[in-house]
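Chains, contacts and geometry: an overview
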2 protein chains.
Amino acid sequence: MSLLDSLTEALRVLPGVGPKSAQRMVYHLLQRNREGAARLSAALASALADIRHCGRCNNFTEAEICERCLNLARDASQLCVVEMPSDLAVMESTHAYRGLYYVLMGRISPLDGIGPRELKLDKLIARATDGTVQEVILATNFTNEGEATAHYVGEMLRTRGLKVSRIARGVPVGGELEHTDLGTVAQAFVERRGW
Amino acid sequence: MSLLDSLTEALRVLPGVGPKSAQRMVYHLLQRNREGAARLSAALASALADIRHCGRCNNFTEAEICERCLNLARDASQLCVVEMPSDLAVMESTHAYRGLYYVLMGRISPLDGIGPRELKLDKLIARATDGTVQEVILATNFTNEGEATAHYVGEMLRTRGLKVSRIARGVPVGGELEHTDLGTVAQAFVERRGW
Ligand SMILES: [Zn+2]
Ligand SMILES: [Zn+2]
């Protein structure tokens, strides 16, 4: 296989990139932006080498434990469970929450072959039962998969004696945090209910 | 800037990738396909190091002169000018042509700041006036830009005493070779006219 074909094929690991757009990308990079292509190659290599999951919140980080988890100003008695780092970012933008997080890095999604085992929920259990966490707030999306995840995780943690709440359904049904206005997300947080 | 942000930004060199899809790509690569990300990083680096433009046809190649240009079985008296490597591939698929090619790697496009100088047409002139080429066949697209390019290149080469032809307008007006059925492209080639 030529280097050109290898590169075209390699670009298809990117979600949403089909054969035609991979080819367009190759031409663009080689013809118009070799510097950008070099930056991309290096950024990928650095990210792979140095980005790992935080030992506490499971979010991406370059450290063993991320800065947020080490921040003593945050309320360690509350643990907010979100699906993805982008959801954590949305919660932070609302300024409605001062506790800590756990990022699932996914959701239960049988169609994609992602069950409780693939989500490695053991790590969440260990984190939530550290003795400091008093309340777990489920802030997964209100999609079918997010709801199923909240049910599963909520049940799992309640069984272990934890107080579990769910952010309110102020987020439109079927909606995703990332596409919801901040006011609604903040309200949903305030109105969270026992689970 | 964190490695995560660097990677997100670096992915935006890809055409059609905005901030949201760059973020999705980062999550996907780091979470679900680190092996694919490593392959992509390496493929980019190899391509940048070893892919250059063929000294004759200007197409991408790993050699000084590409295999097609070195193929003595091809008719060196005909030179077909196309915009992109993908257009060359379409012409080849028609099996209607046995001559050689010149790939412009673009088209005259004032809106994108691409004029005759950016296309480095000197290389085409040198190639077409090597004494062996008898006929230059213009096979740029029938878009406004492709037509303008054909006019400009055709005039430029005719002034230098070359016989110039244009593939027939069998390709739908406004259409692109890449999206035209092979039969039409083959017919357009056969019915090319003096330019
Ligand atoms: Zn953390
Ligand atoms: Zn060549």
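Residues numbered from 1 in each chain as written. Chains lettered and ligands numbered in written order. Predicted model: local features only at pLDDT ≥ 70, side-chain atom pairs only at ≥ 80, totals over all residues. Heavy atoms only, no water.

This part takes up the overall build of chain A. Counting its regular elements, chain A contains 8 helices and 7 strands. Projected onto the principal axes, the alpha-carbon positions of chain A cover approximately 60 × 35 × 35 Å. Across the 195 residues in chain A, those meeting the buried criterion constitute 52%. Looking at chain A alone, contacts between residues at least 24 apart form 56% of all its contacts between residues at least 6 apart. For chain A, the accessible area works out to roughly 9100 Å², and carbon and sulfur atoms hold 51% of it. If the 23 positive side-chain charges of chain A are averaged to one point and the 23 negative ones to another, these points end up 1 Å apart. (Helix = DSSP H or I, 4+ residues; strand = E, 2+ residues; numbered from the N terminus. Buried < 20%, exposed > 50% of the residue type's maximum accessible area, 1.4 Å probe, protein only. Contact = heavy atoms within 4.5 Å. Areas by Shrake-Rupley, 256 points an atom, 1.4 Å probe, with all protein chains shown as cover. Lys, Arg positive; Asp, Glu negative; His and termini not counted. Charge placed at Lys NZ, Arg CZ, Asp CG, Glu CD.)

Per the UniProt record, "zinc finger region: C4-type" (unreviewed entry) is found at residues 54–69 of chain A. This span, residues 54–69 of chain A, is 19% helix and 12% strand, and a straight line between its end C-alpha atoms measures 8 Å. (UniProt positions renumbered as here; feature names shortened; annotations may be inferred.)

With that out of the way, let us pick up the coordination of the zinc ion (ligand 2). Residue and element names in this part refer to chain B. The coordination sphere of the zinc ion (ligand 2), as far as protein atoms go, consists of Cys54 (SG), Cys57 (SG), Cys66 (SG) and Cys69 (SG), spread over 2.3 Å. Every donor counted, the 4 donor atoms about the zinc ion (ligand 2) form angles of 106 to 118° at the centre, which fits tetrahedral coordination. For the zinc ion (ligand 2), the single-chain donor residues occur in sequence as C-x2-C-x8-C-x2-C. Within this pair, whereas Cys57 is found in the loop between β1 (52–53) and β2 (60–61), its partner Cys69 is found in helix α4 (residues 67–70), the two being separated by 12 residues in sequence. A single burial state applies to Cys57 and to Cys69, both of which are buried. (Donors = N, O, S within 2.8 Å, 3.2 Å for Na, K, Ca; no water. Tetrahedral: all angles 85-135°; square planar, octahedral: opposite > 155°, others 65-115°.)

All names here are of chain A. Counted residue by residue, strand β4 (residues 99–103) has 5 buried out of 5 residues, so it is predominantly covered. The sheet contact formed by strand β3 (residues 75–82) and β4 spans 5 bridges and is parallel. Across the sheet, residue Asp75 finds its bridge partner in β4, namely Gly99. The parallel pair β3 and β4, bridged by helix α5 (residues 85–94), forms a crossover whose chirality is right-handed. (Pairing = 2+ DSSP bridges. Right-handed = clockwise from strand over helix to strand, strands pointing away.)

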